[in-house]
Structure formats: C-alpha cells, structure tokens
Amino acid sequence: MRLGIQLGYRGEGFADAVDEVVEYEAVGAELVVVPEAYSFDAVSQLGYLAARTTRLRIASGVMQLYSRTPTLTAMTAAGLDYVSGGRFALGLGVSGPQVVEGFHGVAYDAPLARTREVVEICRRVWRRETLVFSGDHYRIPLPPGEGTGLGRPLKLINHPVRPRIPILLAAMGPRNVALAAEIAEGWQALFLDPRAAGRVFGESLAEGRSRRKPELGPLDISVPVPFALAEPAPSLLDPHRAQLALYLGGMGARGRNFSNDLIRRYGYPREAEVIQELYLSGRRAEAAAAVPDDLVTSTSLVGRPDEIRRRLAGLAAAGVTTVLVSPLAATRAERVRDVGELRSLVDELGPATG
C-alpha cells in the first residue's frame, strides 16, 4: 500500500503546510494530493509543492472537469508534470450541479460521456498528435459554421516529460466507478467503508475492468482518511463527523446528492434522510450528531497501532492500494511522528499491487 497526504482547503498558512509536507516526505510519504472544489485552484498550489519537494508524487484531488477545456486540462497536466520532473498525476472529477452550475455557470450535463472524451483528448495531446476530435460534447477544431472558421488542427509545442500522465478519476456512483475502472489509471474513492466495498462497488469495478486495456496496468484505488495514532476520542473525530454531515446533508439537493446516495447503499437509508433534512433546515450540529458512529469510525483511521494494523488490512482486502491521510494530532511534531510510524505499519502489508 502506498502512503499519501491529503491536504485540506487551506485559506491561511499554506507555506507552513508545505513545510510540513516536506517533513512528511522525509519520513516516507510518497504522494501529496491537493483538492480544488470551489476553494483556491489546485494548480498553483501543486506548482509550489513541486518546487519544494524532490521525490514526492503530486496529484490533483480533484481538478474540475467542467471549468476547463479538455485541451487546457491536458496542457496544465503536462506543465505540472514538467515542473515536477514527471511526478504529477491528474485527478479529475465532475463535482456536482451545485458547484458546476452555481459557481462556474456551466450546465452540468452528460458527466460520464464528457469524462470519457476529456480523458481521450488529454492522452492525444500528451502523445503530441495533431488534435482532431469529433465527439458528442467536444469538437476540435470547431467545425465549419461555428466560430470564425479560422481554427486549424494543432499539436502541443513541447515534448511532455511523459507521453501518458496517470489519470485518477473521482467517482461514487456505480456507472462512474465502472468508468474509472475501465479508462483511468486510478480511482479516487471518498468515504470508503471497506466492509461494504465489495457489496457496493464490486460489480461496477468488475464491469469496468472487463473492458480495461492491459497497457493501463492494475487499477490504483486511493481513499482519503483522517488519521491519528491515538484513542478515537470525540475531539479527534468530531471534525470528520462534521465533514460527513456537510457532504451528506449540504453538498447537493434532495434527490441529487451523491454522498447521500452512497451511504444509503451502505445500509443507512433512514440516517441519510435525517441528516439531509436537518442540514438543509439549518440544524447543522444536529445533523452532525445524527451521523452514525459506525460510519465515522469506518471511514477514518484513528486508533492505537494494533487497531491501525487491523484497519489497514481491511482497506487492503477491499482493494485499496493508496491511503491518503489527513493527520489530526495537535502539534506538527506529533503529526510528523505519526506519519513516520504509519509508514512502518503500511510497510508491513507489503508492496502495493495497484
């Protein structure tokens, strides 16, 4: 299993956070992932991280698919791979209507088809093909009758460091997960309960893998988890509980909330309904209190070493090949120490196969 660091949506202290990442690199972390959502863009932060680290892989987790043209996404990924010396992985996601239409002013349509087309366009750009693409949603160059008529096929000026940059697709729904298993190097899961992974995702993963091209290699499955080598006290887990309430209750509308749908499939239909009703009515503390303790525990990584060993084994059995931790300890020294100890526990599992 690989060990990575999941950064948060930091509004202050980014330079200090990167100083801490450099220390994580020194104690054995292999990857750092930067989110985007509707916070600061991930790209500028990833460029800074590329300059401050030497061997740590960097990845977006995830860049908005709708807010950039496919070609710009490819150019940006090639640029980040260039400045990092071939250490970048392109994490992509479709987000949801609330963000895409509410913040970017772009119609949220055909997420699966658009994802497939964007991935294909990116790979053509990285291979430096003269770009001609005619899909249902993207047409490059613009066809006759659209625009000025002056567009002509072009190819990337630069030679990318790598002709194929790894693509990691964020997915929750059955068809999205199947697509990730089919066309991407990796699947970025969220709120993964390893006990339910086979039942909830097994069919989708098998379907996608049945169409997967051999040159993509084994599917890397990554999952972010809050982490501490400590007893799972409420003071440590309450922020994660609040995040679950936010996503289950507020990140989407009634009937269109992907996280809420996920925990229904885990077996919490009544709890999902209650959390959403409380959150949308403004009763956020009550919504957090309604998140099942079992769900909080199963989607985090908090405990003493023997418990962490058991939980890591459960994640590995569920197919997870990369664990992305958000260290929770109170001080920087404690967080770095915990990540170093986790490195040893992860090594006990043996090499990752994804």
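Numbering of residues begins from 1 in every chain and follows the order in which that chain's sequence is written. Local features in a predicted model are, by the rule used here, given only for residues with pLDDT of at least 70; side-chain atom pairs are given and counted only at 80 or more, and totals for whole chains, interfaces and linings are based on all residues. Side-chain descriptors were evaluated using all non-hydrogen atoms of the structure, hydrogens and water having been removed beforehand.

A word on the pattern of salt bridges
Part 1 of the reasoning: Note on definitions: salt bridges are taken to be side-chain nitrogens of Lys or Arg within 4 Å of carboxyl oxygens of Asp or Glu. On inspection of all chains with the given rule, the structure shows 31 salt bridges.
Part 2 of the reasoning: Between E146 and R139 there is a salt bridge, with its nearest N and O atoms 3.3 Å apart.
Part 3 of the reasoning: Only protein chains enter the accessibility calculation, which uses a 1.4 Å probe. A residue is then buried if its area is under 20% of the maximum for its type, exposed if over 50%, and partly exposed in between. Note on R139: relative accessible area 34%, which makes it partly exposed.
Part 4 of the reasoning: Here R309 ties to E348 by a salt bridge, and the two come within 3.0 Å at their closest N and O atoms. In this pair, R309 is assigned in helix 13 (residues 305–317) and E348 in the segment after helix 14 (332–347), connecting sequence segments 39 residues apart.
Part 5 of the reasoning: R309 sits in the partly exposed class, given a relative accessible area of 32%.
Part 6 of the reasoning: The class of E348 is partly exposed, set by a relative accessible area of 49%. Each helix is a run of DSSP H or I of at least 4 residues and each strand a run of E of at least 2, with the numbering of both proceeding from the N terminus.

Here's the deal with a nonpolar patch on the surface
Part 1 of the reasoning: Any residue with relative accessible area above 30% and no salt bridge may belong to a patch, with like charges joined within 9 Å and the nonpolar Val, Leu, Ile, Met, Phe, Trp and Tyr side chains within 5 Å. Values of accessible area rely on a 1.4 Å probe in the Shrake-Rupley scheme; residue burial ignores everything except the protein chains shown. A cluster of nonpolar side chains, namely Y82, V83 and V161, defines an oily patch on the protein surface of about 320 Å² accessible area.
Part 2 of the reasoning: Take Y82: it is sitting in helix 3 (residues 70–83).

Some thoughts on the layout of surface pockets
Sizing a probe to match a water molecule and rolling it over the atoms shows the empty space that remains.
Part 1 of the reasoning: Every definition here rests on a 1 Å grid over the protein atoms only: cavities are sets of points where a 1.4 Å probe fits but cannot get out, pockets are open sets enclosed by protein on both sides within 12 Å along at least five of seven lines, and lining residues have some atom within 4 Å of a point. Grid points are joined across faces, edges and corners, and a volume is the space filled by probe spheres set on the points. The space that makes up the second largest pocket amounts to roughly 340 Å³.
Part 2 of the reasoning: E120, R123, I183, K213 and L216 are the residues nearest the centre of the second largest pocket, which is lined by 13 residues in total.
Part 3 of the reasoning: Of all the elements in the fold, those that place two or more residues in the lining of the second largest pocket are helix 5 (111–126) and helix 6 (174–183).
Part 4 of the reasoning: In this count, Pro and Cys sit with the nonpolar residues alongside Ala, Val, Leu, Ile, Met, Phe, Trp and Tyr, while Asp, Glu, Lys and Arg are called charged and the others, Gly among them, polar. Taken together, the residues that form the lining of the second largest pocket break down as 4 nonpolar, no polar and 9 charged.

Details of empty space enclosed by the protein
Part 1 of the reasoning: Applying the stated criterion across every chain yields a total of 4 cavities of 30 Å³ or more.
Part 2 of the reasoning: Counted as a void, the largest cavity has a volume near 80 Å³.
Part 3 of the reasoning: Residue lining of the largest cavity: L65, L92, G93, V94, L112, T115, L169, A170, A171, N176 and L179, and that is the complete set.
Part 4 of the reasoning: Among the elements of the structure, strand 5 (88–93), helix 5, strand 8 (167–170) and helix 6 are those that each provide at least two residues to the lining of the largest cavity.
Part 5 of the reasoning: Among the residues making up the lining of the largest cavity, the classes are represented as 8 nonpolar, 3 polar and no charged.
Part 6 of the reasoning: Roughly 50 Å³ of internal volume is contained in the second largest cavity.
Part 7 of the reasoning: Around the second largest cavity, the lining residues are L31, V33, R57, L168, Q188, D220, S222, T322 and L324.

Observations regarding helix 8 (residues 234–250)
Part 1 of the reasoning: Burial in helix 8 covers these residues: L236, L237, H240, R241, L244, A245, Y247, L248, G249 and G250.
Part 2 of the reasoning: Just beyond helix 8, the residue with positive phi is G252, at close to 140 degrees.

Observations regarding unusual backbone geometry
Part 1 of the reasoning: A cis amide bond links G61 to the next residue, V62, at an omega of 10 degrees.
Part 2 of the reasoning: Its place among the elements puts V62 in the loop between strand 3 (57–60) and strand 4 (63–64).
Part 3 of the reasoning: The omega torsion of the bond from I140 to P141 falls at -10 degrees, within 30 degrees of zero and hence cis.
Part 4 of the reasoning: Mapped onto the elements, P141 comes out in the loop between strand 7 (139–140) and strand 8.
Part 5 of the reasoning: Positive phi, normally seen in glycine, also occurs at F191, with a value near 55 degrees.

As for the packing of helix 1 (residues 14–26) against helix 2 (residues 42–52)
Part 1 of the reasoning: Between helix 1 and helix 2, the least distance of the axes is 10 Å, while the angle of their chain directions is 45 degrees. As the angle between them shows, helix 1 and helix 2 are arranged oblique. Crossing angle aside, the handedness with which helix 1 passes helix 2 is right-handed. Residues F14, A15, V18, D19, V21 and V22 of helix 1 touch helix 2, and the partners they reach there are Q45, Y48, L49 and R52.
Part 2 of the reasoning: Among the residues forming the contact of helix 1 with helix 2, the class breakdown is 7 nonpolar, 1 polar and 2 charged. Note on geometry: axes are C-alpha line fits, over the in-contact stretch for helices, and angles between N-to-C directions span 0 to 180 degrees. Our angle categories are set so that under 35 degrees counts as roughly parallel, over 145 as roughly antiparallel, 65 to 115 as roughly perpendicular, and the remainder as oblique. If you view the pair so one helix is near and one far, a crossing is left-handed when the near helix is turned anticlockwise from the far one by less than a right angle, and right-handed when it is turned clockwise. What makes two residues a contact is simply this: any of their non-hydrogen atoms within 4.5 Å.

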